Amino acid sequence: MKYSLIPLLATTVLAAPLLEERQSTCSVPSTFPNPNASKLPDPFVFFNGKKVASVADWTCRQAEISAAMQTQELGTFPPKPSSVTATGSATSLSITASEGGKSISFSVSIKKPSSGSAPYPAIIAYGGASIPVPAGVATITFNNDQIAAQQGGSSRGQGKFYDLYGSGHSAGALTAWAWGVDRIMDGLELVNTGVDPKRVGVTGCSRNGKGAFVAGALVNRIALTIPQESGSGGAACWRVSDSEKSAGKNIQTASQIVGENVWFSKNFNAFSTKVPTVATDHHELAGLVAPRGLIVIENDIDWLGPVSTTVCMKAGRQIYKALNVPDNMGVSVSSNHGHCSFPSSQSTELNAFINKFLLNQTGANTANVEKSGYNPDMSKYVDWTAPILA
Ligand code: MCU
């Protein structure tokens with residue numbers, strides 16, 4: 001039975017039961033195409049060639065995009081383990097996850113908001129927040145490195161995720177961390193910490209920004225995703241970054257990233273020098289977050305690929321436009337500041353998204369946030385147009 005479309009659009013949080021129902025009504029392939037496409041793949045065409053013609057189609061398309069990304073670049077995102085328990089207080093939360101006779105535990109700290117009373121919203125911050133978290137929002141500090149190490153190529157398969165699922169599990173660190181965020185959400189639902197699980201955001205900067213983006217894409221209970229300066233592997237598109245590299249920029253590409261660290265699945269190694277054959281690109285990572293809140297904070301450092309993040313996230317925002325929620329996503333590429341040192345010039349858009357999605361301020365203005373000093377020729381990378389789905 002198909003679910004009604006109205007609740008999907010009426011709420012910013014796609015609840016887990018809806019997701020399960022959605023997956024049972026979508027036929028998701030298990031093998032994925034290897035196109036030879038130097039432009040960004042059309043988000044609105046299923047891999048079997050059928051056009052996406054409705055919001056219900058889009059939710060099925062999301063399921064196949066997610067499956068393709070997991071197969072080709074991210075590794076498998078495991079479902080909820082057979083047992084998850086949690087204990088906690090207003091200042092900490094400890095989670096134990098068990099599967100197949102093994103079990104792991106980890107804890108996160110909670111910094112209560114300096115104003116407002118429970119239930120309050122929170123932002124899960126990978127390794128601590130490097131954005132200014134407003135007074136009414138709690139900060140949950142997530143030590144993502146203990147779930148999956150990111151100490152270069154030799155750290156593959158290390159961390160609590162792999163203690164549970166085995167060191168040979170296909171998930172790269174980004175996916176393993178997203179699994180950790182999913183368990184934090186379980187914990188917040190099990191224990192009354194004061195945090196409202198329906199108003200939780202996720203952030204991280206740089207490598208942890210890639211992680212925050214992937215968490216928002218894979219964990220449907222996240223209300224607001226705030227990747228900061230994630231660059232290649234996050235808000236940048238593999239294809240655009242390769243094109244920028246060919247044009248002489250000092251930019252991170254897929255072929256570099258797979259050697260630097262273990263953020264992606266080892267399955268991605270085979271694609272890293274054949275980017276046009278990847279079935280998806282990262283404009284569709286934004287599409288996995290839709291229709292939930294997404295504010296992409298970027299910097300114009302060459303290595304991050306400011307043209308690539310501009311093109312990629314403008315293309316991703318077409319998906320939000322198709323769903324008739326263009327204001328639920330914004331992209332802001334700032335200039336002239338240190339990596340991960342949040343500049344005040346991006347405060348307006350950051351606060352607007354936090355006000356809207358976490359503090360429930362209906363008047364918050366998140367309209368038309370496409371801020372970038374770059375004005376790339378989109379037609380070089382995009383040869384599709386967004387349908388009107390809603
Ligand atoms: C932007 O994130 C990464 C980048 O992908 C790496 O190539 C570089 O080594 O480190 C960046 C980072 O995490 O900086 C803190």
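Anything mentioned here points back to the structure above.
Everything numeric in this text was worked out from a predicted model, so none of it was measured.

Trainee: I would appreciate a short explanation of the pairing of strand E7 (residues 224–228) in the present structure.
Mentor: Along any regular strand, the residues point their side chains to alternate faces of the sheet. When you tally the buried positions in E7, you get 5 out of 5 residues, the bulk of the element. Neither face of E7 is exposed, since Leu 224, Ile 226 and Gln 228 on one face and Thr 225 and Pro 227 on the opposite face are all buried. Relative to E7, strand E6 (residues 195–205) is paired through 5 bridges, and the arrangement is parallel. Of the residues in E7, the one forming a bridge with Gly 201 is Leu 224. A crossover connection joins E6 to the parallel E7 through helix H6 (residues 207–218); in handedness this β-α-β unit is right-handed.

Trainee: Help me understand the environment of Thr 141, please; the structure alone is not making it clear to me.
Mentor: Its place among the elements puts Thr 141 in strand E5 (residues 138–142). Each C-alpha atom of the pair Thr 141 and Ile 123 lies 8.4 Å from the other, and the pair is 18 residues apart in sequence. Excluding anything up to four places from it in sequence, Thr 141 contacts Val 108, Ser 109, Ala 125, Gly 127 and Gly 128.

Trainee: In this structure, what is going on with unusual backbone geometry? I would like to understand it.
Mentor: Glycine aside, residues mostly have negative phi, and peptide bonds are mostly found in the trans state. Backbone torsion omega between Ala 118 and Pro 119 reads -5°, so that peptide bond is classified as cis. Here Pro 119 is to be found in the loop between strand E3 (102–111) and strand E4 (120–126). In this structure, Pro 291 follows Ala 290 across a cis peptide bond, with omega equal to 5°. In this structure, Pro 291 sits in the loop between helix H9 (283–289) and strand E8 (293–299). If you check the backbone angles, Asn 324 has positive phi at about 65° while not being a glycine. Here Asn 324 lies in the loop between helix H10 (306–322) and strand E9 (329–334). Even without a glycine there, the phi angle at Cys 340 is positive, about 70°. Take Cys 340: it is sitting in the loop between E9 and helix H11 (347–357).

Trainee: When you look at the site of the ligand in this model, what are you seeing that I'm missing?
Mentor: Close to the ligand lie Ser 206, Arg 207, Lys 210, Glu 229, Ser 230, Gln 252, Glu 260, Trp 263, Trp 303, Leu 304 and His 339. Measuring from an oxygen atom of the ligand, one finds a side-chain N or O atom of Arg 207 at 2.5 Å. Residue Trp 303 places a side-chain N or O atom 2.8 Å away from an oxygen atom belonging to the ligand. Calculation on the ligand without its partners gives an accessible area of 370 Å², and the protein chains cover 77% of this total. Looking at the shell around the ligand residue by residue, the classes come out as 3 nonpolar, 4 polar and 4 charged.

Trainee: Looking at this model, I keep getting lost on the state of the cysteines. Mind explaining?
Mentor: Disulfides are covalent bonds that connect the sulfur atoms of two cysteines. Under the definition given, this model contains 3 disulfides. Across a sulfur-sulfur distance of 2.1 Å, Cys 205 and Cys 340 are joined as a disulfide pair. On the S-S bond that ties Cys 205 to Cys 340, the torsion sits near -95°, and the link is left-handed. Residue Cys 205 is located in strand E6, and its partner Cys 340 is located in the loop between E9 and H11; the two are separated by 135 residues in the primary sequence. A relative accessible area of 21% means that Cys 340 is categorised as partly exposed. Disulfide pairing places Cys 237 opposite Cys 312 at an S-S distance of 2.0 Å. Sign of the S-S torsion, about 70° for the bond between Cys 237 and Cys 312, identifies this disulfide as right-handed.

Trainee: Would you mind showing me how to read the sheet that holds E4 here?
Mentor: The pairing of strands in a sheet comes from backbone hydrogen bonds and takes either a parallel or an antiparallel form. Spatial ordering of the open sheet is given by E1-E2-E3-E5-E4-E6-E7-E8-E9-E10, a layout of 10 strands whose pairing is mixed. In the strand order of this sheet, the two ends are held by strand E1 (83–88) and strand E10 (370–371), each with one partner. In this fold helix H5 (residues 173–190) packs onto E1, strand E2 (92–99), E3, E4, E5 and E6, with an angle of close to 115° to the strand it touches most, E2.

Trainee: Whenever I open this one, the nonpolar core confuses me. Can you help?
Mentor: When a protein is soluble and globular, its nonpolar side chains tend to lie buried together. Ile 124, Phe 142 and Ile 184 are the most contacted members of the largest nonpolar core, which has 92 residues in total. If you tally residues by element for this core, the top one is H5, at 10 residues. Residue contacts for Phe 142: discarding those within four places in its chain leaves Phe 106, Val 108, Ile 124, Ala 125, Tyr 126, Gly 127, Ile 147, Trp 177, Gly 180, Val 181 and Ile 184. Within the second largest apolar cluster, 15 residues are counted, among which are Ile 131, Ala 223, Leu 350 and Phe 357.

Trainee: Explain the pairing of E6 to me, please; I cannot follow it from the model alone.
Mentor: Of all 11 residues in E6, 9 are buried, a share of seventy percent or more. In this structure, E4 lies alongside E6, joined through 5 bridges in parallel fashion. Among the inter-strand pairings, Ile 124 is bridged to a residue of E6, identified as Val 202.

Conventions used here
Along each chain, numbering runs from 1 in the same order as the chain's sequence is written. Selection of residues for local features in this predicted model requires a pLDDT of at least 70, selection of side-chain atom pairs for listing and counting requires 80 or more, and totals for whole chains, interfaces and linings are taken over all residues. Each side-chain value is derived from all of the structure's non-hydrogen atoms; neither hydrogens nor water enter the calculation. With a 1.4 Å probe rolled over the protein chains alone, any residue whose accessible area is under 20% of its type maximum counts as buried; one over 50% counts as exposed, and the rest are partly exposed. We count a stretch as a helix when DSSP gives it H or I for four or more residues in a row; a strand needs E for two or more, and each element gets its number in order from the N terminus. We call two strands paired when DSSP finds no fewer than two bridges between them. If the strands point away from the viewer and the path from the first strand over the helix to the second runs clockwise, then the crossover is right-handed. In this description, contact between two residues means that some pair of their heavy atoms is separated by no more than 4.5 Å. Definition of nearness: a residue and a molecule or strand are near each other if at least one heavy atom of the residue lies within 4 Å of the molecule or strand. N or O atoms within 3.5 Å of each other form a polar contact, as long as, within protein, one can give a hydrogen and the other can take it, and as long as residues adjacent in sequence are counted only when both atoms are side-chain atoms. Here, Shrake-Rupley sampling with a 1.4 Å probe gives the accessible areas, and only protein chains in the shown set may cover a residue. Each residue gets one of three labels, nonpolar for Ala, Val, Leu, Ile, Met, Phe, Trp, Tyr, Cys and Pro, charged for Asp, Glu, Lys and Arg, and polar for the others, Gly among them. In what follows, a disulfide is any cysteine sulfur pair within 2.5 Å. Interaxial angles span 0 to 180 degrees and are taken between N-to-C directions of axes, which are lines fitted to C-alpha atoms, for helices over the stretch in contact. Nonpolar cores were defined as sets of buried Ala, Val, Leu, Ile, Met, Phe, Trp, Tyr and Cys residues, with membership established by side-chain atoms within 4.5 Å.

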